[in-house]
Amino acid sequence: MRNSGPIVGVARWSARHRWAAVGGWLLFVTLAVVIGGAAGTRSLDTADTGAGESRLAEKAVAGAYFNDKPTESVLIQPRGAGGLSAAQAAAVGGELRQGYGTVGGIGSVADAVPSRDGHSWLVVVALDTGTRTGADRTTFAKSLVTPLLDATARVAARHPDLRVEQVGAASLNKAIGTQIAADLRRAELTSVPLTLLILLLAFGALLAAGVPVLLALTAVASALGLSSLASHLVPMDDSVSSVVLLIGMAVGVDYSLFYIRREREERARGHSSRDSIEIAAATSGRAVLVSGVTVLISMAGLFVAGNAVFSSVAVGTMLVVAVAMLGSVTVLPALLALLGDRIDRPRIPLLHRLRRPDRESRAWGLVLRGVLGRPGLCLALAAAALLALAVPALGMRLRPVTAQDLPRSVPILRTYDRLNAAFPDRGEAHTVVVTATGATPLPGARVTAAIGDLARQAGASGLFATAGRPVPRFSSDRRVAVVDLPIPYAASDPRAGRSLDLLRQLVPATLGQVPGTWTGVTGRVAGTRDFADHLAARLPWVFCFVLGLSFLVMLLTFRALGVALTAIALNLLSVAAAYGLLVLVFQGHWAERPLGFHSNGGLVSWLPLFLFVILFGLSMDYHVFLVSRIREGVAAGLSTRDAVRAGVTRSASTVTSAALVMVAVFAVFAMLSLLTFKQLGVGLATAILIDATVVRVVLLPASMALLGRYNWYLPSWLRWLPRVGYDLPAAAPAAARVPVLSGPRGGGTGC
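Attention here is on the structure that accompanies the text. Nothing here was measured: the structure is a model prediction, and the numbers come from that model. (Residues numbered from 1 in each chain as written. Predicted model: local features only at pLDDT ≥ 70, side-chain atom pairs only at ≥ 80, totals over all residues. Heavy atoms only, no water.)

**Observations regarding the sheet that holds strand β8 (residues 473-474)**
- Strand order in the open sheet made by the four strands is β8-β9-β7-β10, with antiparallel pairing throughout. Two strands lie at the open edges of the sheet, namely β8 and β10 (517-522), each paired on one side alone.
- Lying on the sheet, helix α3 (residues 52-62) is in contact with β7 (429-436), β9 (480-486) and β10; it crosses β10 at an angle near 110°. (Pairing = 2+ DSSP bridges. Helix = DSSP H or I, 4+ residues; strand = E, 2+ residues; numbered from the N terminus. Contact = heavy atoms within 4.5 Å. Axes fitted to C-alpha atoms, helices over the stretch in contact; angles between N-to-C directions.)

What follows is the structure, given as structure tokens:
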């Protein structure tokens, strides 16, 4: 087969220099892991994760030094109905003070103070972070948590009749981080064997199943190393590693699967190993490249969101997709050349006989016969079903994930609940920040008076838990002042939002009147509100960016206006149906017990934008793969309808296997404990399942059958576009362009 295209050229070189290609890949992966590990990861500063006014306020506070210290609280309660005297509480407090004496970095341990009902007592421990600010201060506090928790546990063990429990920002973050790490380990230990099992069922041979998993794992490992290097330019959020694992396993296996299935198919039809690899490169290799570019464009849409967290996720996912693409078109041909016929070894009894690579899918063939027999009816029914599924998305409500939404299987969260119930003024609070805009420090007396006026007006509303006049805290240079206004309910409570609205009206009328100052409100409630508002404003721009560039890629690839428009429409329909399913599952309560979650009445605020970007990119895998196979048939002289039948029946088993891998990996995340992971996993798994079945086997064939030659229509004013598509060269064997058809060409029984 003569072909001078770059993808075929790379595959030819790789197959001829197989050991050099494999060695080069292993060297690349090793260097990425080792150098990335040596460089370390620069984490994203918490103050940079927000948006709007609250982000500016957090940045101002993070950059200033206050003489206050981060604190941990120890709650002391009797386990039974009896009370706890002041003397008993003081004795326990003394034991805590003595125990903390062995822990370095403790600033002070306050005396135990009672709750209003006298049933609970609270000991506040201040951590001595010195003059550290921002991320350094947080990191140092985190280092003290474990020895502090150990000391608290030793005191608790001596008082089995009492609850002696520690909770605070640092200990909460540690517990939640530990739970996330445990969830991710569970996902890794489950997803890899599950993926291998599905591929064994798909190929019927161990080596053929193992190669895609191996390439996916090396892609994930190298991408994580490269992400560490990139973090010194774009700081990384803690969630990046989990997203890289999620996307890397999905696309890494898919790309290898497409390539290997085509190579095995061509060998089964009598081609030599070399020709089979080159045909696979010219067809599936190009499909991998185009779908990968489309995924990269979709991921780049996260940059348009204008948020540091999304930017870091974009870098990580783009790296793992790029590495997976690189591996599939470079080292994979070398592995196929090395293994040759041995890739079908060792064979799984019975399964291997059922998995002949040149066999058409009988089940999908029956479905397709009905679809092509009555394409208009099938298109209308399938589209109506997906639109009906999408209707609930019109009632979508976005909610922040707060401490109330985290699983109570984590013990410290139950302590958090008890602390908030006993000491409501220690719970949620709005933080008002005042900064000097000029060269002079803040006018302390005027700021303090204005804060007193603000507190009186806020307290009169009944929405705040402020008692007395709050005292502002000033930074050491007197350029930043901070005051907390507590609220007596959870951040997700609607009254929390109303109190924020009121506060943002009162602040300009009070503190805003102090000349030479800037004021802002931050805190958990303000941060989640500003983040959601920011995403809502950016979402249309993300849609335009992703849709516009994806349309352009499809147009350049196939030089067909109908194909490009159909791709956009079908992918949008798939995403809309996924949105509707998420609303049905997570905004109600019927699925709480099967999935093990507690509904907060909405979806995670960042999920719609993130899901759109991920799903739109991943769904293009199947679209490009199927349409490229159909285009081969058209280039070989078949009618569009016959080309659709040939392309889909020959590709359906590959698409089904790839979809099952993605669904399995995503479903593992749906079984994890955190609500964020559950919503992400359910959304991705159901969307991919819908996309690979209803969309690709019903809607795509039906729409292409109806459009006929208009699929390939290109207006005269667009014929200047470069030819970068899938037409195989004339020298390619006819069998490489279109598979042998079996069964009747027309008719059908309807949907």
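**Quick word on helix α22 (residues 640-670)**
- The terminal C-alpha atoms of α22 lie 40 Å apart, and with 31 residues this falls more than 12% below the ideal 45 Å at 1.5 Å per residue.
- Along α22, the sharpest change in direction is near 45° and occurs at Ala652.
- The buried fraction of α22 amounts to 26 of the 31 residues, a majority that puts the element mostly inside the structure. (Expected span 1.5 Å × (residues − 1). Bend = angle between axes of the 7 residues up to and from the residue. Buried < 20%, exposed > 50% of the residue type's maximum accessible area, 1.4 Å probe, protein only.)

**A word on the nonpolar core**
- One finds Ile247, Val321, Phe586, Phe612, Tyr622, Phe666 and Ile688 to be the most contacted residues of the largest nonpolar core, which totals 183 residues.
- Of all the elements, helix α21 (residues 607-635) adds the most residues to this core, at 18 residues.
- Excluding residues that lie within four positions of it along the chain, Val321 makes contacts with Ile247, Val251, Tyr255, Gly292, Val295 and Leu296.
- Judged by nonpolar contacts, the second largest core, of 29 residues, contains Ala455, Leu463, Ala481 and Leu503. (Core = buried A, V, L, I, M, F, W, Y, C linked by side-chain atoms within 4.5 Å.)

**Concerning the pairing of β9**
- In terms of burial, β9 is largely enclosed, as six of its seven residues are buried.
- Pairing analysis gives seven bridges linking β7 to β9, with the strands arranged antiparallel. Looking across to β9, one finds that Thr435 is bridged to Val480.
- Of the strand pairs in this sheet, β8 and β9 are connected by two bridges, and their pairing is antiparallel. If you follow Arg473 over to β9, its bridge partner there is Val482.
- Taking the residues between adjacent antiparallel strands as the criterion, β8 and β9 are bridged by five residues, where Arg478 takes a positive phi near 60°.

**Thoughts on helix α19 (residues 561-586)**
- Compared with the 38 Å implied by 1.5 Å per residue over 26 residues, the 38 Å span of α19 between its first and last C-alpha is a close match.
- For α19, the tally of buried residues reaches 20 of 26 residues, placing the bulk of the element in the interior.

**Here we look at the side chain of Ser73**
- Residue position: Ser73 is located in strand β1 (residues 71-78).
- If sequence neighbours within four positions are ignored, Ser73 has contacts with Leu122, Val123, Val124, Glu165, Gln166, Val167 and Leu419.

**Describing the environment of Thr693**
- Along the chain, Thr693 falls in helix α23 (residues 675-707).
- The class of Thr693 is partly exposed, set by a relative accessible area of 26%.
- Not counting chain neighbours up to four residues away, the residues in contact with Thr693 comprise Trp364 and Val698.
- Of the polar contacts made by the side chain of Thr693, one reaches the backbone oxygen of Leu689; its length is 2.6 Å. (Polar contact = N/O pair within 3.5 Å; in protein donor to acceptor, adjacent residues only side chain to side chain.)

**Quick look at the pattern of salt bridges**
- For the coordinates displayed, the defined rule picks out 28 salt bridges.
- With a closest N to O distance of 4.0 Å, Arg269 and Glu265 form a salt bridge.
- Among the ionic pairs, Asp341 bridges to Arg267, the shortest N-O distance being 2.7 Å. Residue Asp341 is found in the loop between α11 (331-339) and α12 (351-354), and its partner Arg267 is found in helix α8 (residues 240-268); the two are separated by 74 residues along the sequence.
- The network of salt bridges with shared partners includes Arg262, Glu265, Glu266, Arg269, Arg629 and Glu632. (Salt bridge = Lys/Arg side-chain N within 4 Å of Asp/Glu carboxyl O.)

**Here we look at a nonpolar patch on the surface**
- On the surface, Leu27, Leu31, Val33, Val34, Ile35 and Leu229 cluster together into a nonpolar patch covering about 500 Å² of accessible area.
- If one sorts the elements of the nonpolar patch by residue count, helix α2 (residues 18-39) sits on top with five residues.
- If you trace the backbone, Val33 turns up in helix α2. (Patch = residues over 30% accessible without salt bridge, like charges linked within 9 Å, V, L, I, M, F, W, Y side chains within 5 Å. Areas by Shrake-Rupley, 256 points an atom, 1.4 Å probe, with all protein chains shown as cover.)

**Looking at unusual backbone geometry**
- Cis geometry is adopted by the peptide bond preceding Pro346, which originates at Arg345 and carries an omega value of -25°.
- Within the fold, Pro346 resides in the loop between α11 and α12.
- Positive phi outside glycine occurs at Arg478, with the angle close to 60°.

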